[in-house]
Structure formats: C-alpha cells, structure tokens
Amino acid sequence: MLKLKIITPERIMIEAEAESLSLPTDLGEITILENHIPLVANLRAGEIKFKKENSEEFFVVSGGVLEVKPGNEVVVLADTAEFGHEIDVQRAEEARERARKLMSESYKDEKTYAESTALLEKNLARLKVAKKHRTRTHKNLESGSLNE
Amino acid sequence: MATNPREIRRRIKSVKNIAQITKAMELTSAAKMRKAQAVAISSRAYSIQTGELLRRLVGRTSYKHQLIERVLPEDKGYPRPEGNPRILVILITSDRGLAGAFNSNVINKALSMLRDEGKEKFDLITVGKKGADAARRFGYSVIAAYSAKDKNVSINDARPITELAVADFLNFKYEKVFVVFSDFVSTLVQKANIIQLLPFADIPKNGNGEVLIEPGPDDVFENLVRKTIEFTVYQTLVETIASEHSARMVAMRNANEAAGELIENLTLSYNQARQAGITRELSEISAAKLAMEN
C-alpha cells in the first residue's frame with residue numbers, strides 16, 4: 001500500500017492509502033506502485049488517478065511536484081487541485097476561451113504566451129476531469145436505478 | 001479629577017463614544033482574525049512540505065543551484081560589482097495601526113538587525129504603510145514599497161516581491177535577502193521573526209540514498225526553488241495578516257475593558273460631586289433660613 005498525501009496551498013486534500021497512483025509528469029504519464037525507488041518529478045496540468053481496493057478516484061491538478069519517499073510514502077505538492085464535482089464547467093470553459101484568445105494575441109510576447117499556454121492546458125485538464133466526473137456519476141445513477 | 005458634575009458628565013459621554021468604536025472594531029477584527037488565522041494555518045502544511053523537500057533534495061544531490069548556494073560573480077565570468085555586497089530586507093507590516101505593539105515589534109526587530117550590521121549595507125522592500133513610514137523616518141533606502149492587503153491575499157501578491165528580490169540576487173546586487181515579519185503563534189502571541197530567503201540557507205550535504213530526478217535536476221530545481229521561495233513570501237504575508245488581526249482584536253478588547261473601568265470610576269465621582277452639590281445647597285438654604293429667623 002502507498003501512503004498518499006496530496007497537499008495544495010489551501011488544504012491537505014487527500015491523506016489516504018492507495019494501491020497505485022497515476023499522474024502526468026513532464027516526461028509523460030507515470031504510475032507509481034509499491035516499492036518504487038525514491039523519485040522527485042515535476043508535474044504538469046492533468047488528471048491524477050489513484051486506486052484503492054476496487055474503487056478509483058480522480059481529480060485534476062494544474063502542476064506541481066511529486067515526491068516518492070522511501071517506505072512507500074508519496075507526497076504530491078500541487079499548485080491547485082480539484083475534484084470533478086468541484087469544477088465549475090461554465091467558468092472553466094470561459095477560462096479556456098480566454099486563454100486561447102490570449103495565446104493567439106500574444107505570440108510575440110514570450111512570457112504572456114507561456115502563461116496563456118499553461119492556463120489553457122490547466123483548463124483543458126479541468127474540463128476533461130469535470131466531464132469524466134459527470135459521465136461517471138451518470139453511470140452510477142443508472143446502475144443504482146437498475147438495482148432498485 | 002474634575003469636581004464639576006457637568007464636566008464629569010461630558011467625559012463619561014466621550015469615553016462611552018470611544019468604547020462604542022473599540023467594541024465595533026473588536027467585533028470586526030474578531031471576524032477577520034478567524035478568517036486570516038484559518039488561511040495562515042491551512043497553508044502551513046504546503047509551506048513546510050516544500051521547504052523540507054527542497055532541503056532533502058539539496059542534501060542528497062551534488063547539484064548546485066544559484067538560488068540555493070551563492071555563486072560569486074567571478075565564478076560565472078562576470079566582473080565583481082563595485083562597492084560592498086549589499087543585503088536586502090523585506091519588511092512586512094500592516095497599512096493600519098491601532099493593533100497594539102504589532103507593527104512596532106516587527107519594525108524594532110528589523111531595525112535591531114540593521115543597526116547591528118550598519119545601515120549602509122541595507123536596502124529595504126516594505127510591505128505596508130507602517131513599515132514604509134518607519135524606514136523613511138530612520139533614513140533607510142527603500143527600493144520598493146507595496147501596500148499591505150488585510151484579506152484575500154493570493155500567491156499573486158507575493159510574486160512581484162519575489163521576482164524583484166530574485167532578479168537582484170541573481171544580478172549579484174545582493175548577497176543575502178531576509179524577510180522580517182510577524183509569526184502567528186496564537187491569538188495572544190505573535191512573534192516578530194527574521195528568516196533568510198536567499199540564498200536558501202545552509203544545508204548540510206549528506207549524500208545518502210539515491211533519488212531519481214525527472215526530467216532532470218535543472219528543471220526540477222528551477223521549478224521547486226522558485227515555488228518554494230514564492231510560497232515562503234506568501235506564507236510570511238498571511239502569517240503577518242493573521243497576527244495583525246489578532247493583535248488588533250486583543251488591543252481593542254483591552255481598550256474596551258479600560259473604557260468600562262473608566263466609566264465606572266467617572267460615574268462614581270459624578271455621583272459624589274452631585275451629592276456634594278445637593279448637600280451644599282441644602283446647607284446654604286438652612287443657613288439662610290437661620291439668618292432670617294434671627
């Protein structure tokens with residue numbers, strides 16, 4: 001079992017045990033299992049998933065740092081992190097459009113361009129997770145109604 | 001103490017007015033304090049974790065980052081800047097007063113360090129009007145003065161301060177950067193504190209244990225160091241705000257109690273003066289009556 005801790009500037013988001021953890025790093029998506037060697041990696045905007053027993057939980061991060069410590073301890077220091085149900089889809093869509101517009105306007109200015117790219121990536125990831133959350137909950141509702 | 005009843009009544013009235021204001025301020029600060037304390041405490045975990053991670057990582061690898069260990073200009077092929085190396089102090093105070101000894105504690109802490117080392121060596125960045133006023137009064141050179149926010153601080157408020165400090169540090173203008181702020185311990189205790197922001201303090205090298213760094217030390221350190229420094233500044237800002245509201249609430253509560261006591265005392269002397277007046281009048285009347293009878 002992994003001892004998982006996900007910390008954002010605002011709160012300690014998750015403190016739990018997990019069997020596996022998948023996250024987006026600079027070098028692509030990786031999955032951490034038990035007895036991983038100590039690792040420190042940069043995180044990108046994207047989706048983090050972790051499995052425990054038979055359930056899978058997921059949420060979105062906008063970047064951060066991952067640390068795997070000896071003794072199966074995993075700490076994720078996320079810049080921001082949200083669960084699917086916490087995401088305001090409409091605002092995320094607006095933010096995505098804003099970022100896209102800013103990106104096309106600011107191709108000359110390196111700094112703003114980089115910022116807007118990061119913003120776009122972040123909001124694309126948020127929308128993806130929000131969408132996944134919605135379909136998930138719908139499925140759960142359907143199966144719930146079948147049982148009745 | 002005044003003996004004229006009318007005079008005393010006027011004083012009671014004005015003390016009551018002051019008590020009303022301090023009561024209102026106590027209530028608003030109490031509400032702001034609760035929010036500010038929650039913010040400061042909830043971000044501590046992140047702040048501590050990033051600092052620890054960086055420290056561990058630096059201790060384990062032989063990688064050198066400019067913001068962690070000071071690199072001399074000649075090592076990088078630059079000429080040494082003229083004059084003595086300078087020190088930058090970021091002084092964090094509040095815009096508003098009436099918070100007991102809160103601002104003066106922070107300012108005194110900074111001034112005692114500046115005095116010990118000689119004031120020519122220092123430049124200041126001030127946050128908050130009180131700090132800027134004090135720096136000006138004592139004749140320190142202030143390179144930037146930001147106004148303080150007393151709520152809804154975000155990491156974006158720490159960014160310009162951090163960028164300025166980091167840029168000048170990398171230019172070899174400063175050899176060290178300190179932050180002087182007020183550490184929030186509890187509602188009753190706030191402690192003025194100095195921390196070294198740059199270079200990222202001394203870290204013992206103990207290269208035990210291997211650690212995989214992806215994509216590579218350059219990227220990870222750059223990301224982590226900047227994040228840590230920025231967040232350290234942010235944390236000092238929120239700690240200071242939590243301290244400010246706590247100090248103000250306590251100061252206002254004390255003022256309230258003092259006002260209550262004062263009103264009690266004044267009421268007592270008012271009653272005494274009034275009674276004395278009545279007694280005097282009575283004795284005058286009976287004296288007059290006696291004179292007329294005779």
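Just so it is clear, the model here is predicted, and its values are computed rather than measured. In this numbering scheme, every chain counts its residues from 1 along its sequence in written order. Going through the entries in the order they are written, you letter the chains from A and number the ligands from 1. Thresholds applied to this predicted model are a pLDDT of at least 70 for local features of residues and 80 or more for the giving and counting of side-chain atom pairs; totals over whole chains, interfaces and linings are not thresholded and use all residues.

Undergrad: Before we move on, can you summarise the packing of helix H2 (residues 44-60) of chain B against helix H6 (residues 217-293) of chain B with the specific residues and values?
TA: Residues and elements named next belong to chain B. For helices, the fitted line uses only the C-alpha atoms of the stretch in contact; every axis is such a line through C-alpha atoms, and the angle between N-to-C directions lies from 0 to 180 degrees. Strands here mean DSSP runs of E at least two residues long; helices mean DSSP runs of H or I at least four residues long; both are numbered from the N terminus. Direction vectors running N to C along H2 and H6 enclose 145°, while the axes themselves pass 10 Å from each other. Seen from above, H2 lies across H6 with left-handed handedness. Contact residues: Tyr 46, Ser 47, Thr 50, Gly 51, Leu 53 and Leu 54 in H2; Leu 224, Val 225, Lys 227, Thr 228, Phe 231, Thr 232 and Gln 235 in H6. Split into classes, the residues belonging to the contact of H2 with H6 amount to six nonpolar, six polar and one charged. Take the far helix as the reference: if the near one is turned anticlockwise from it by less than a right angle, the crossing is left-handed, and if turned clockwise, right-handed. Here the contact rule is simple: place C-beta atoms from the backbone, and any two residues whose C-beta atoms are within 7 Å are in contact. Put simply, Ala, Val, Leu, Ile, Met, Phe, Trp, Tyr, Cys and Pro go in the nonpolar bin, Asp, Glu, Lys and Arg in the charged bin, and everything else, Gly too, in the polar bin.

Undergrad: Residues and numbers for the interface of chain B and chain A, please.
TA: Taken together, the 21 residues of chain B in the interface contact 20 residues of chain A. Secondary structure elements with two or more residues in the side of chain B that touches chain A: H2, strand E6 (212-214) and H6 of chain B. Ranked by residues supplied to the side of chain B that touches chain A, first place goes to H2 of chain B with six residues. Considered class by class, the residues forming the side of chain B that touches chain A number 12 nonpolar, six polar and three charged.

Undergrad: Explain the confidence of the model for chain B to me, using residue names and the numbers behind them.
TA: Values of pLDDT, which run from 0 to 100, indicate the predictor's confidence residue by residue. Residue-level pLDDT values for chain B average 86, and 91% of them are 70 or greater. Predicted as a complex, the structure gets a pTM of 0.83 and an ipTM equal to 0.75.

Undergrad: Can you lay out the packing of helix H5 (residues 155-170) of chain B against H6 of chain B for me, pointing to particular residues and giving the numbers?
TA: Residue and element names in this part refer to chain B. With their axes 8 Å apart at the nearest point, H5 and H6 run at an angle of 125° to one another. As the angle between them shows, H5 and H6 are arranged oblique. As H5 runs across H6, the sense of the crossing is right-handed. On H6, the residues touching Ile 155, Asp 157, Ala 158, Arg 159, Ile 161, Thr 162 and Val 166 of H5 are Ile 229, Glu 230, Val 233, Tyr 234 and Leu 237. When grouped by side-chain class, the residues that make up the contact of H5 with H6 number eight nonpolar, one polar and three charged. In what follows, roughly perpendicular refers to angles from 65 to 115 degrees, roughly parallel to angles under 35, roughly antiparallel to angles over 145, and oblique to any angle outside these ranges.

Undergrad: I'd like a description of H2 of chain B, backed by residues and values.
TA: Helix length check: H2 of chain B (17 residues) gives 24 Å between terminal C-alpha atoms against 24 Å at 1.5 Å per residue, within 8%. Burial is judged by counting other C-beta atoms within 10 Å of a residue's own C-beta: 20 or more means buried, 12 or fewer means exposed, and anything between counts as partly exposed, with every C-beta placed from the backbone. Among the residues making up H2 of chain B, those that are buried are Tyr 46, Ser 47, Gln 49, Thr 50, Leu 53, Leu 54, Leu 57 and Val 58 of chain B. Those residues of H2 of chain B that are buried lie in contact with strand E1 (2-7), strand E5 (39-43), strand E8 (64-69) and strand E9 (73-78) of chain A together with H6 of chain B. What a helix is expected to span follows from its residue count: subtract one and scale by 1.5 Å.

Undergrad: Please give an account of the domain arrangement of chain B that cites residues and values.
TA: Residues and elements named next belong to chain B. Where a domain begins and ends is set by an automatic assignment or by a domain database. Each domain of chain B was delimited in the assignment, giving domain 1 (5-20 + 252-293) and domain 2 (24-248). Contacts between the two partners involve four residues from domain 1 and, on the opposite side, five residues from domain 2. Looking at the side of domain 1 that touches domain 2, the element that brings in the most residues is H6, giving three residues. Tallied by class, the residues present in the side of domain 1 that touches domain 2 amount to one nonpolar, two polar and one charged.

Undergrad: Can you lay out the nonpolar core for me, pointing to particular residues and giving the numbers?
TA: For this analysis, nonpolar core means a set of buried Ala, Val, Leu, Ile, Met, Phe, Trp, Tyr and Cys residues linked through C-beta atoms within 7 Å. Judged by nonpolar contacts, the single largest core of 91 residues is most densely connected at Ile 90, Leu 91, Ile 92, Ala 165, Val 177 and Val 180 of chain B. Beyond its immediate sequence surroundings of up to four residues, Ala 165 of chain B is in contact with Leu 88, Ile 90, Ile 125, Val 177, Leu 197 and Leu 198 of chain B.

Undergrad: Summarise the environment of Glu 86 of chain A; cite the residues concerned and give the values.
TA: Residue and element names in this part refer to chain A. On the secondary structure map, Glu 86 appears in the loop between strand E10 (81-83) and helix H1 (89-105). By the C-beta count within 10 Å, which is 13 here, Glu 86 ends up partly exposed. Here the alpha-carbon distance between Glu 86 and Lys 128, two residues 42 residues apart in the chain, equals 13 Å.

Undergrad: Help me get a handle on the pairing of strand E2 (residues 12-18) of chain A, residues and values and all.
TA: All names here are of chain A. Note that E1 and E2 share six bridges and pair antiparallel. Residue pairing across strands places Leu 2 opposite Ala 18, the latter belonging to E2. Pairing between strands is defined by DSSP: at least two bridges between them are needed. Hairpin connection from E1 to E2: four residues lie between these consecutive antiparallel strands.

Undergrad: Lay out unusual backbone geometry in plain terms, naming residues and giving numbers.
TA: Residues and elements named next belong to chain B. In this chain, Leu 198 is followed by Pro 199 through a cis amide linkage whose omega measures -15°. The phi dihedral of Leu 98 falls on the positive side, at around 55°, and the residue is not glycine. Among the structural elements, Leu 98 can be located in the loop between strand E1 (86-92) and helix H3 (102-117). Assessed through the 16 C-beta atoms surrounding it within 10 Å, Leu 98 is described here as partly exposed. Of note in the backbone geometry, Phe 172 takes a positive phi value of approximately 70° without being a glycine. By secondary structure assignment, the location of Phe 172 is in the loop between H5 and strand E4 (174-184).

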